[in-house]
Amino acid sequence: MPPDATALLEAERVDAGYGTMQVLWGVDLDVRAGETVLLLGANGAGKTTFLKSLVGLIEARNGHIRLGGEDVTRMRSSDRMKRGMTYMSELAVFPDLSIEENIRVGAQALGHADPGARVDELYGLFPVLRDKRRDPASSLSGGQRKMLGIAKALSADPKLLVMDEPSAGLSPLFVKEVIRALTSLQGRGLALLIAEQNISFLEVATRVFVLEGGRIRFSGTVAEMSGNEELHRAYFGLK
Ligand SMILES: Nc1ncnc2c1ncn2[C@@H]1O[C@H](COP(=O)(O)OP(=O)(O)OP(=O)(O)O)[C@@H](O)[C@H]1O
């Protein structure tokens, strides 16, 4: 795949693994500015490993990762963050800190110029967090806690938010809440890369990549994916 001038993030033939075990085999994926890309895959497909190699928590053994056209493959995680890529993992929230403290910690750690203004802006996006701003994060429901994780990750005003299984541990009702929150973020110029095994997230995606056994098995639009009979059977059940 040649470097794509319009891609915000571009992974090209990425190999990664742990010790002697290779998990990812030549993974290609790109995210354009402002779009939402879903990385679908079953348990153990390598989604987390891939996201970690993108954000710099593990190093890609081969291949290239470019952010805004710049090669960041060997760059530290914090420097990738400064260039606009933020990672939201499951352990995104400090339960003992208040909601506001959580967001402020995020804004400060990620180097936002005016954390106070950013906190107000985020309350506009997630009003439920404003109402509970003095309460400890542990008092939030699962869905609300996920929203706090998203707000915290957004506090540095990234161009790309990389999310690992935002639906993990949530009931279908809370998954809907998170999807609603993500929908409200779209159209603000923010790009999202979401690794999931929950196909509910297809409704927010522009394009989909399917990872199986550490290899990209499919990439295309949601319509193209549901038009592919084998994938349709595997991910949507029998027609
Ligand atoms: N720190 C680690 N050390 C060794 N092997 C690991 C490590 N983390 C993950 N693996 C292995 O790498 C493979 C891919 O795991 P990974 O967590 O990337 O998959 P995943 O698609 O995110 O799965 P899940 O949906 O269950 O989180 C698995 O075989 C897993 O056991």
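As the structure is a computational prediction, the values presented were derived from the model and not from experiment. Residue positions are counted from 1 within each chain, in the order its sequence is given. Per-residue local features of the predicted model are confined to residues with pLDDT of at least 70, and side-chain atom pairs are confined, for both listing and counting, to 80 or more; whole-chain, interface and lining totals are unaffected and use all residues.

A. Seen up close, the overall build of the chain. Elements are defined by DSSP. Helices are runs of H or I of four residues or more, strands are runs of E of two residues or more, and each kind is numbered from the N terminus. In terms of regular secondary structure, the chain is built from nine helices and 10 strands. Expressed as a percentage of its 239 residues, the buried residues of the chain come to 40%. Long-range contacts, defined here as pairs at least 24 residues apart, represent 67% of the contacts in the chain between residues at least 6 apart. Partly exposed residues are those falling between the two cut-offs: more than 12 but fewer than 20 other C-beta atoms within 10 Å of their own, whereas 20 or more means buried and 12 or fewer means exposed, with C-beta atoms placed from the backbone. Whether two residues are in contact depends on their C-beta atoms, placed from the backbone: they are in contact if these lie within 7 Å.

B. Representation of the environment of Ala223 within the structure. Mapping Ala223 onto the fold places it in helix α8 (residues 222-227). On the basis of neighbour counts, which here come to 8 C-beta atoms within 10 Å, the residue Ala223 falls in the exposed class. Put simply, Ala223 and Lys176 are 47 residues apart on the chain and 21 Å apart in space, counted from C-alpha to C-alpha.

C. Broad picture of the domain arrangement of the chain. Residue ranges labeled as domains rest on an automatic or database domain assignment. With domains assigned, the chain is organised as domain 1 (1-84 + 158-239) and domain 2 (92-157). Here domain 1 and domain 2 have C-alpha centroids that lie 24 Å from each other. The partner domain 2 presents 14 residues to the 12 residues of domain 1 that form the contact. Elements represented by at least two residues in the side of domain 1 that touches domain 2 include exactly α2 (77-82) and α7 (172-185).

D. Geometry of the site of the ligand. As a structural note, the neighbourhood of the ligand is formed by Tyr18, Met21, Val23, Gly41, Asn43, Gly44, Ala45, Gly46, Lys47, Thr48, Thr49 and Gln197. Counting residues per element, the ones that place at least two in the shell around the ligand are β2 (21-32) and α1 (47-55). If one sorts the elements of the shell around the ligand by residue count, α1 sits on top with three residues. All residues are tested the same way: a C-beta atom is placed from the backbone, and lying within 6 Å of a molecule or strand makes the residue near it.

E. Examining the confidence of the model for the chain more closely. pLDDT is defined as a per-residue confidence score from the predictor, taking values between 0 and 100. Looking at the chain, the pLDDT average stands at 88 and 93% of residues meet or exceed 70. Model confidence for the complex is summarised by a pTM of 0.90, with the ipTM given as 0.95.

F. Structural view of the sheet that holds β2. Should DSSP find at least two bridges between two strands, the strands are taken to pair. Pairing is antiparallel across the open sheet formed by four strands, whose spatial order is β2-β1-β4-β5. In this open sheet, the two strands that pair with only one neighbour each are β2 and β5 (70-71). Sheet topology note: the strand β1 (residues 7-18)/strand β4 (residues 62-67) ladder contains five bridges and is antiparallel. Opposite Leu9, over in β4, you have Leu67 as the bridge partner. The strands touched by α1 within the sheet are β1, β2 and β4, with β1 carrying the most contacts at an inclination of about 120 degrees. Interaxial angle, 0 to 180 degrees, is taken between N-to-C directions of lines fitted to C-alpha atoms, where a helix line uses only the stretch in contact.

G. Region of interest: the sheet that holds strand β6 (residues 85-88). Strand order across the open sheet formed by six strands is β6-β7-β8-β3-β9-β10, with mixed pairing between neighbours. Edge positions in the sheet fall to β6 and β10 (215-221), since each of these pairs with one other strand and no more. For this sheet the average axis-to-axis angle between neighbouring strands, irrespective of direction, equals 15 degrees. Across four bridges, the pairing between strand β3 (residues 36-40) and strand β9 (residues 207-212) is parallel. Within β9, the residue paired with Leu38 across the bridge is Val208. In the packing of helix α6 (residues 142-154) onto the sheet, contacts are made with β6 and β7 (160-164), and the angle to β6 comes to roughly 160 degrees.

H. Examining unusual backbone geometry more closely. One non-glycine residue, Arg13, adopts positive backbone phi at about 45 degrees. Its place among the elements puts Arg13 in strand β1. For Arg13, a count of 14 C-beta atoms within 10 Å puts it in the partly exposed group. The backbone of Glu165 sits at a positive phi, close to 45 degrees, despite the residue not being glycine. Along the chain, Glu165 falls in the loop between β7 and α7.

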